[in-house]
Amino acid sequence: MDTPTLLTHLETRGRPLTLPRGGTLCWDDADLHRAAYTDDPEGYALLGLAPGVQPWQRARVLLQLLAASQAGLDDRTRHTLARTARVLTLALPPACVITVLLSLRRLRANHKHTTRTALRFVLEHPQADRLIATRRPALLDCFEHALGKATARGCARRIADGDTGSDYLQRRLLRFLTAPQAALSRVTALYATGTRQRGSTVEHEPALTIDTVRERPRTVTATNRGDIAATLVHLYRGGPAEDLYVALGDQIGTAAAAFPRFEGTLALVVDASASMRGHGDREWALLSQAAALRMVLTEVCARLEVIEVGGEERAPRGATDLAMGVLDALGTGPDLVAVVSDGYENLFPGDLARVVATLPRAGVTTPVVFCHAMFTGGDDLTLRRPAPALPQRGFWHQDDFAELLPWMFGHCAAGASWLRASLHTRLDLLDRRAARLTGPGPDQAAGTGGHTP
């Protein structure tokens, strides 16, 4: 599985899945998803939970997980896939999940894990009653596909006749659910006739928030781009050093605690030139954010080699020789080289691109990535791409580190275990929150939930 390519695709391609009436499912990147699942089912599933993945890409991941057979997978992998599927059914807008479940019917895909996930969504979603009221025909189709039409209708008839727990119901329906008795009235509602209620916002509002909602300032300044950068700006401007350094240490520790330890070696090429310092209202904005990233990485990485180009951090001077910085970084024997710069290469323009193009021919296989330091998320980078062939990603706020670090480490072999551990931790957190919404799944109730690194 090409993790960097897939992760970039998941974060940038937001085209919806469409299911035309009487037509075929429109899934333009199905081959990419199937290939990634085949290569690494667990890693693929976890990437669907990575920060910043587009909702419709998460819907595709859910569709792939439910459509594919789990034959040959070990119990640990099956458990991870089941937990991921449950989280996604709650973290996606219900309308997206309904599209996925109807797509499974169109694809004639049904497995035990598919049945379990579909039934829990239809009958145990926190907004199940309102969804049945507004989308009853669609949910009935999902219910009957999950169980088979004859079995589904047989269960409904028995429930209507007062059956609440016969062996028939237990074997064919109730064993798939976490709260069987609460679901019985919903089965009856699925087969009720009457006036359908109009759609409501519940169809478009996820029950579980998977990405932290970021409140962005209306006006971006040098000091509202995250706590670490703000503290650094005050220090650079001559603020009370003792108190600020104490606060800075706490802020760095808190930010770094969100990430697992990277056991490889990262070589960080940091642009400390005059353009990174800036001037006027933007003075220190880019440099403080780059320094914030560097400080967090110091705590996260077992070995961090820093190569500074263009001047000293507190007093930038001179031109930016990114190419030489990359060559020096490669000389430290790292697993990954990351260039942090605003993209202005004012010494030998084009030199970085030429060096990068030469590296493979020289037998250098160490991955190199480019991290764009920006003032806002909407910066025009047209003239600030010194090496277009390099994988590139921008960041302007401390919150961006949550997406930037997985993207960075995903480019090197040493980062594979880091990324998996990070996403497993994220899954554990999301799964606990899902349990508070719907109750623990059968696996958790049996004491097999959670992740052991």
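This text goes with the structure placed above it.
The shown structure was predicted, so the numbers you read here are calculated from the model rather than taken from an experiment.

Rules of the game
Position numbers for residues start from 1 in each chain and track the written sequence from start to end. Totals for whole chains, interfaces and linings use every residue, but because this is a predicted model, local features are given only for residues with pLDDT of at least 70 and side-chain atom pairs only at 80 or more, for both listing and counting. Hydrogen atoms and water are omitted, and side-chain values are computed over all heavy atoms in the structure. By definition, any uninterrupted DSSP run of H or I lasting at least four residues is a helix, any uninterrupted run of E lasting at least two residues is a strand, and each is numbered from the N terminus. Under the scheme applied here, a residue whose accessible area is under 20% of the maximum for its type counts as buried, over 50% as exposed, and between as partly exposed, the area being computed with a 1.4 Å probe on protein chains only. Any carboxyl oxygen of Asp or Glu within 4 Å of a side-chain nitrogen of Lys or Arg constitutes a salt bridge here. Here, the term nonpolar core denotes a set of buried Ala, Val, Leu, Ile, Met, Phe, Trp, Tyr and Cys residues that are joined through side-chain atoms within 4.5 Å. For a helix, the expected span equals 1.5 Å multiplied by the number of residues minus one. What the arc describes is the spread of directions from the helix axis to the C-beta atoms. Residue contacts are counted whenever heavy atoms from the two residues lie within 4.5 Å of one another. Lines fitted to C-alpha atoms define the axes, with helix axes restricted to the stretch in contact, and inter-axis angles between N-to-C directions lie between 0 and 180 degrees. All residues other than Ala, Val, Leu, Ile, Met, Phe, Trp, Tyr, Cys, Pro, Asp, Glu, Lys and Arg, Gly among them, are scored as polar; the first ten of these are nonpolar and the last four charged. Between the rings of Phe, Tyr and Trp (Trp by its six-membered ring), a pair exists once the centres lie within 6.5 Å; its type follows the angle of the planes, with under 30 degrees stacked, over 60 edge-to-face, and the other angles tilted. Two conditions define a charge located above a ring, namely a distance within 6 Å from the ring centre to NZ of Lys or CZ of Arg, and an angle within 35 degrees of the ring normal. Paired strands, as defined in this entry, are two strands with at least two bridges between them according to DSSP. Roughly parallel means an angle under 35 degrees; roughly antiparallel means over 145; roughly perpendicular covers 65 to 115; every other angle is labelled oblique. Each crossing gets its hand from how the near helix is turned against the far one by less than a right angle, where anticlockwise is left-handed and clockwise is right-handed. Here a polar contact is taken to be a pair of N or O atoms separated by no more than 3.5 Å, where protein atoms must pair a possible hydrogen donor with a possible acceptor and residues adjacent in sequence count only if both atoms sit in side chains.

We now examine the environment of Pro240. By the element assignment, Pro240 lies in the loop between α12 (227-236) and α13 (241-256). Using a relative accessible area of 57% as the deciding quantity, one classes Pro240 as exposed. Sequence-wise, Pro240 and Arg76 are 164 residues apart; in three dimensions their C-alpha atoms are separated by 52 Å.

All right, on to the pattern of salt bridges then. In total, this model carries 24 salt bridges according to the counting rule given. The shortest N-O distance in the salt bridge between Glu283 and Arg277 comes to 2.5 Å. What makes Arg277 partly exposed here is its relative accessible area of 27%. Between Glu308 and Arg294 there is a salt bridge whose closest N-O contact spans 3.6 Å. Here the residue Glu308 occupies a position in strand β2 (residues 301-309), and Arg294 occupies one in helix α15 (residues 285-300), the gap between them amounting to 14 residues. The class of Glu308 is partly exposed, set by a relative accessible area of 33%. Salt bridges linked by common partners bring Arg13, Arg15, Asp28, Asp29 and Arg60 together as one network.

Turning next to the nonpolar core. Among soluble globular proteins, nonpolar side chains are generally buried collectively. Counting 126 residues, the largest nonpolar core has Leu123, Phe143, Leu173, Leu266, Leu297, Met408 and Phe409 as the members making the most contacts within it. Counting residues per element, this core draws most heavily on α15, at ten residues. If you look at the next biggest cluster of nonpolar residues, it comprises 19 residues, including Val337, Val339, Val356 and Leu359.

Let us look at helix α19 (residues 415-438). The end-to-end C-alpha distance of α19, which contains 24 residues, comes to 34 Å, matching closely the 34 Å that a straight helix rising 1.5 Å per residue would cover. Just downstream of α19, Gly439 is the residue with a positive phi angle, here 90 degrees.

Our next topic: helix α2 (residues 30-39). The α-helix winds at 3.6 residues per turn, so residues separated by three or four positions along the chain end up facing the same way. Of all the positions in α2, only Ala30, His33, Ala36 and Tyr37 are classed as buried. For α2, the angular spread of buried residues about the axis comes to 140 degrees, placing them on one side. In α2, the exposed residues that point more than 90 degrees away from the buried face are Asp31 and Thr38. Taken together, the buried residues of α2 touch α1 (3-12), α3 (41-47), α4 (55-67) and α5 (75-91).

For the pair helix α18 (residues 401-409) and α19, interaxial distance at closest approach is 8 Å and the crossing angle is 145 degrees. Facing α18, whose interface residues are Leu405, Pro406 and Phe409, α19 presents Gly415, Trp418 and Leu419. When the residues that make up the contact of α18 with α19 are grouped by side-chain class, the tally is five nonpolar, one polar and no charged.

A few words now on the packing of aromatic side chains. Enumeration according to the criterion identifies seven aromatic pairs in this entry. With a centroid separation of 6.1 Å and an interplanar angle of 90 degrees, the aromatic rings of Tyr37 and Tyr44 are classed as edge-to-face. Since its relative accessible area comes to 6%, Tyr37 is described here as buried. Consider the rings of Phe262 and Phe409, whose centres lie 4.2 Å apart with planes at 15 degrees: the pair is stacked. Here Phe409 lies in helix α18 and Phe262 lies in strand β1 (residues 262-271), a separation of 147 residues in the sequence. Of the residues examined, Phe409 reaches a relative accessible area of 0% and is grouped as buried. A connected cluster of aromatic rings, assembled from ring pairs, spans Phe259, Phe262, Phe409 and Trp418. Above the face of the Trp27 ring, Arg34 is positioned so that its terminal group lies 5.2 Å from the ring centre. Its end group placed over the ring of Tyr168, Arg158 keeps NZ or CZ at 4.1 Å from the ring centre.

A word on the sheet that holds strand β5 (residues 392-395). Note on sheets: strands pair through backbone hydrogen bonds, and any given pair is parallel or antiparallel. If you walk across this open sheet you meet the five strands as β2-β1-β3-β4-β5, and the pairing is parallel. Each edge of the open sheet is held by one strand with a lone partner, namely β2 and β5. Each adjacent strand pair in this sheet contributes to an overall mean axis angle of 25 degrees, direction not counted. Strand direction decides the pairing type here: strand β4 (residues 368-373) and β5, joined by four bridges, are parallel. Paired with Ala373 across the two strands is Phe395, which belongs to β5. Where α15 meets the sheet, its contacts fall on β1, β2, β3 (336-341), β4 and β5, and the angle it forms with β2 comes to roughly 150 degrees.

Another aspect to go through is the packing of α4 against α5. Relative orientation of the contacting elements α4 and α5 amounts to 140 degrees, with a least axis distance of 10 Å. On the basis of their axis angle, the class for α4 and α5 is oblique. Regarding α4 and α5, the two cross each other, and that crossing is left-handed. Across from Arg58, Val61, Leu62, Leu65 and Leu66 in α4, the residues of α5 making contact are Leu81, Thr84, Ala85, Leu88 and Thr89. A class-by-class count of the residues in the contact of α4 with α5 yields seven nonpolar, two polar and one charged.

Within the secondary structure layout, Asp342 lies in the loop between β3 and α17 (351-358). Considered as a pair, Asp342 and Arg385 are 43 residues apart in the sequence and their alpha carbons are 8.9 Å apart. Beyond its immediate chain neighbours, meaning those up to four positions away, Asp342 contacts Asp271, Ser275, Met276, Leu286, His372, Ala373 and Arg384. For Asp342, the side chain forms a polar contact with the side chain of Ser275, separated by 2.7 Å.

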